[in-house]
Amino acid sequence: LPRHHRLTRPRDFSAVLRGDGSVTRRRRAGTPLLVVHCAARTDSSHPPRVGLVVSKALGNSVVRHRVSRRLRHLAASRLSTLAPSTDVVVRATPAAAGATSAELGAALDQA
């Protein structure tokens, strides 16, 4: 993902997950593999941004990085479908460790 399309600061993740004054609407959708949190920012002049949450519950670092790479690739290919000033946090569940890229892509589209 290009830098301007990434969520990098903890406060940006918190705004999407918990809400604060910088977001207007928040939504959450889940599948057995992923939970997707989406928030619309109040300023509409920025590109959409995506952040990933891949915890140690998925497995060791090799497994976590594999899931992160797959999700990053899938999110990058779907950036054009997101509205401007939308922030998305994709949280992988432990079941995502054994999923294929196609299964993760289908779960992301469904959520």
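The rules we used
Residues numbered from 1 in each chain as written. Predicted model: local features only at pLDDT ≥ 70, side-chain atom pairs only at ≥ 80, totals over all residues. Heavy atoms only, no water. Buried < 20%, exposed > 50% of the residue type's maximum accessible area, 1.4 Å probe, protein only. Helix = DSSP H or I, 4+ residues; strand = E, 2+ residues; numbered from the N terminus. Pairing = 2+ DSSP bridges. 1 Å grid on protein atoms, 1.4 Å probe; cavity = no way out; pocket = protein on both sides within 12 Å on 5 of 7 lines; lining within 4 Å. Points joined across faces, edges and corners; volume = space filled by probe spheres on them. Nonpolar A, V, L, I, M, F, W, Y, C, P; charged D, E, K, R; others polar. Core = buried A, V, L, I, M, F, W, Y, C linked by side-chain atoms within 4.5 Å. Contact = heavy atoms within 4.5 Å. Right-handed = clockwise from strand over helix to strand, strands pointing away. pLDDT = per-residue confidence, 0-100.

## Side note on the pairing of strand β2 (residues 34-41)
Inference 1: Burial within β2 is extensive, with seven of its eight residues counted as buried.
Inference 2: Across seven bridges, β2 lies against strand β4 (residues 86-92) in antiparallel orientation. Residue pairing for β4: Val36 is matched across the bridge by Val90.

## Let's talk about the layout of surface pockets
In this approach the atoms are scanned with a rolling probe the size of a water molecule, which exposes any empty space left behind.
Inference 1: Its volume calculated, the largest pocket comes out at about 280 Å³.
Inference 2: Along its surface, the largest pocket is lined by 16 residues, and Val36, Leu82, Val88, Leu108 and Ala111 are the ones closest to its centre.
Inference 3: At the level of secondary structure, the elements contributing two or more residues to the lining of the largest pocket comprise β1 (23-30), β2, β4 and α3 (101-110).
Inference 4: Broken down by class, the residue content of the lining of the largest pocket amounts to 10 nonpolar, two polar and four charged.
Inference 5: The volume enclosed by the second largest pocket comes to roughly 150 Å³.
Inference 6: Together, Arg25, Arg26, Arg27, Cys38, Ala39, Ala40, Arg41, Leu82, Ala83, Pro84, Ser85 and Thr86 line the second largest pocket.
Inference 7: Of all the secondary structure elements, the ones that give two or more residues to the lining of the second largest pocket are β1 and β2.

## Focus: the nonpolar core
Inference 1: Formed by 19 residues in total, the largest nonpolar core has its most connected members in Leu34, Val67, Leu71, Val90, Ala92 and Leu104.
Inference 2: Only β2, α2 (61-77), β4 and α3 provide two or more residues apiece to this core.
Inference 3: Per-element accounting of this core gives the leading share, four residues, to α2.
Inference 4: Apart from the residues lying within four places of it in its own chain, the contact partners of Val67 are Val54, Leu58, Ala92, Ala96 and Ala97.
Inference 5: Ranked by size, the runner-up nonpolar core spans five residues in total, among them Leu7, Phe13, Ala39 and Val89.

## Considerations on the pairing of β4
When a strand is regular, its side chains alternate between the sheet's two faces.
Inference 1: Across the seven residues that make up β4, a large majority, six, are buried.
Inference 2: One ladder, built from five bridges, connects strand β3 (residues 49-53) with β4; its direction is parallel. Bridge pairing in β4 places Val50 opposite Val88.
Inference 3: One crossover worth recording links β3 to the parallel β4 by way of α2, and it is left-handed.

## Focus on the confidence of the model for the protein
Inference 1: Per-residue confidence for the protein averages 90 on the pLDDT scale, and 97% of its residues sit at or above 70.
Inference 2: Here β1 stands out as the element of the protein with the lowest mean pLDDT, 83, in contrast to α2, whose mean of 95 is the highest.

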